[in-house]
Amino acid sequence: MENDIEKNIKEIQDKIKYFAQKYKRNPNDIQLVAVSKHHTIESIKAAYKCGIENFGENYIQEWQEKSQALSNLPNLKWHLIGHIQSNKAKSINSQINCIHSLDKLNLAKEIEKKSPIDKRIKVLIQMQIDKTDQNKSGIPFENAKELCGMLAQSQKMDFSGFMGIGPEEDDKSRLSDLYAEFAKNAEYLWNSFSNRPKDKYILSLGMSSDYEIAIEHGSTLLRIGTAIFGKRK
Ligand SMILES: *Cc1c(COP(=O)(O)O)cnc(C)c1O
């Protein structure tokens, strides 16, 4: 298992470099987050040994257990990428490096009110990519302005960019169009609402099956699970 993880990580890092070159991107601008949901502590340790420091988890409780078990690993950073219920705002703290899944004004308000955050944490707005995809959450672009405005004022959350989950789509050219539109909308919102519009922002886009297209459209952060750890149980 450990050998597989090491081999998979090398392969993905090589592919990221290759795709970066293909699409005239700087590979250093593309961060890899290993999505460890439903995978074991041992798997996370194996990836960490290969130099991976950023891990993504979907469920608060699973993250809490893992972060406790791995609290001795320096430099390990946690990304919360799954849907968060507003009543879980109390569990959000500064041990989270980045929340990717902020998709509602109400959730943002609850975090602002109730989270024991002592050092501002990065948050990304999860924006809808495909209006016809019912499974995937995310705030529609049209409704995101109020949320962006609220985040720009926040004392606890540092508005840092956008996240999107692509639809399962066999038609690569349709996917490419959707990602292009997503990136354009993200740029508009960043320029209009960020406190630091001149800075770079995070575009968290691309998973095991679609990261080439995500890199093509400007992704700066890939969330990769299966291609590193294998199939989830
Ligand atoms: C599970 C998950 C991933 C990883 O998906 P893979 O296809 O296993 O790479 C990425 N992002 C989110 C939001 C996820 O829930």
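Conventions used here
Residues numbered from 1 in each chain as written. Predicted model: local features only at pLDDT ≥ 70, side-chain atom pairs only at ≥ 80, totals over all residues. Heavy atoms only, no water. Buried < 20%, exposed > 50% of the residue type's maximum accessible area, 1.4 Å probe, protein only. Helix = DSSP H or I, 4+ residues; strand = E, 2+ residues; numbered from the N terminus. Pairing = 2+ DSSP bridges. Right-handed = clockwise from strand over helix to strand, strands pointing away. Contact = heavy atoms within 4.5 Å. Near = heavy atom within 4 Å. Polar contact = N/O pair within 3.5 Å; in protein donor to acceptor, adjacent residues only side chain to side chain. Areas by Shrake-Rupley, 256 points an atom, 1.4 Å probe, with all protein chains shown as cover. Nonpolar A, V, L, I, M, F, W, Y, C, P; charged D, E, K, R; others polar. Patch = residues over 30% accessible without salt bridge, like charges linked within 9 Å, V, L, I, M, F, W, Y side chains within 5 Å. Salt bridge = Lys/Arg side-chain N within 4 Å of Asp/Glu carboxyl O. Lys, Arg positive; Asp, Glu negative; His and termini not counted. Charge placed at Lys NZ, Arg CZ, Asp CG, Glu CD. UniProt positions renumbered as here; feature names shortened; annotations may be inferred. Phe/Tyr/Trp six-rings, centres within 6.5 Å; stacked < 30°, edge-to-face > 60°.

### A few points about the pairing of strand S7 (residues 202-205)
Working step 1: Burial along S7 is two-sided: Ile202 and Ser204 facing one way and Leu203 and Leu205 facing the other are all buried.
Working step 2: Of the strand pairs in this sheet, strand S6 (residues 157-164) and S7 are connected by four bridges, and their pairing is parallel. When the sheet's bridge partners are listed, Gly161 is paired in S7 with Ile202.
Working step 3: In terms of handedness, the path from S6 via helix H6 (residues 172-193) over to S7 forms a crossover that is right-handed.

### Let's talk about the side chain of Ser67
Working step 1: Along the chain, Ser67 turns up in helix H3 (residues 60-69).
Working step 2: Setting aside its immediate chain neighbours within four residues, Ser67 contacts Trp78 and Gln95.

### Things to note about the site of the ligand
Working step 1: Taken together, Val35, Lys37, Asn58, Ile81, Ile165, Met207, Ser208, Arg223, Ile224, Gly225, Thr226 and Arg232 make up the full set of residues near the ligand.
Working step 2: Side-chain polar atom of Arg223 to a nitrogen atom of the ligand: 2.8 Å apart, as the coordinates give it.
Working step 3: Taken by itself the ligand offers 390 Å² of open surface, and the protein chains cover 89% of this.
Working step 4: Class assignment of the residues belonging to the shell around the ligand gives a composition of five nonpolar, four polar and three charged.

### Structural notes on a negative patch on the surface
Working step 1: Residues Glu168, Asp170, Asp171, Asp177 and Glu181 make up a contiguous surface patch of negative charge.
Working step 2: Along the chain, Asp171 turns up in the loop between S6 and H6.
Working step 3: When its relative accessible area of 37% is taken as the criterion, Asp171 is described as partly exposed.

### Focus on the UniProt feature "modified residue: N6-(pyridoxal phosphate)lysine" (unreviewed entry) in the protein
Working step 1: With numbering matched to this structure, UniProt assigns "modified residue: N6-(pyridoxal phosphate)lysine" (unreviewed entry) to Lys37.
Working step 2: Residue placement: Lys37 occurs in the loop between strand S1 (31-35) and helix H2 (41-49).

### Let's talk about the environment of Gln21
Working step 1: Its place among the elements puts Gln21 in helix H1 (residues 2-22).
Working step 2: Of the residues examined, Gln21 reaches a relative accessible area of 64% and is grouped as exposed.
Working step 3: The sequence separation of Gln21 and Lys37 amounts to 16 residues, and the corresponding C-alpha distance is 30 Å.

### Considerations on the packing of aromatic side chains
Working step 1: Tallying each qualifying case throughout the model produces eight aromatic pairs.
Working step 2: On the numbers, 6.2 Å between centres and 50° between planes, the contact of Phe55 with Trp78 is tilted. Of the two residues, Phe55 sits in strand S2 (residues 54-57) while Trp78 sits in strand S3 (residues 77-80), which places them 23 residues apart along the sequence.
Working step 3: Considering the side-chain rings of Phe159 and Trp190, the 5.3 Å spacing of their centres and the 55° angle between planes classify their relative orientation as tilted. Taken together, the positions of Phe159 in strand S6 and Trp190 in helix H6 put the pair 31 residues apart, joining distant regions of the chain.
Working step 4: Among the residues examined, Trp190 registers a relative accessible area of 0% and is labelled buried.
Working step 5: One aromatic cluster is present, built from ring pairs that chain together Phe159, Phe162, Trp190 and Tyr201.

### Focus on the pattern of salt bridges
Working step 1: Tallied over the entire structure, the rule returns 15 salt bridges.
Working step 2: With a shortest N-O distance of 2.8 Å, Glu57 and Lys66 are connected by a salt bridge.
Working step 3: With a shortest N-O distance of 3.7 Å, Lys113 and Glu110 are connected by a salt bridge. Note that Lys113 and Glu110 are positioned in helix H4 (residues 105-114) at a spacing of three residues, about one turn of the helix.
Working step 4: We classify Lys113 as exposed; its relative accessible area is 61%.
Working step 5: Owing to a relative accessible area of 13%, Glu110 belongs among the buried residues under this scheme.
Working step 6: In the salt-bridge network here, residues are joined through shared partners; they are Arg120, Asp158, Arg196 and Asp199.

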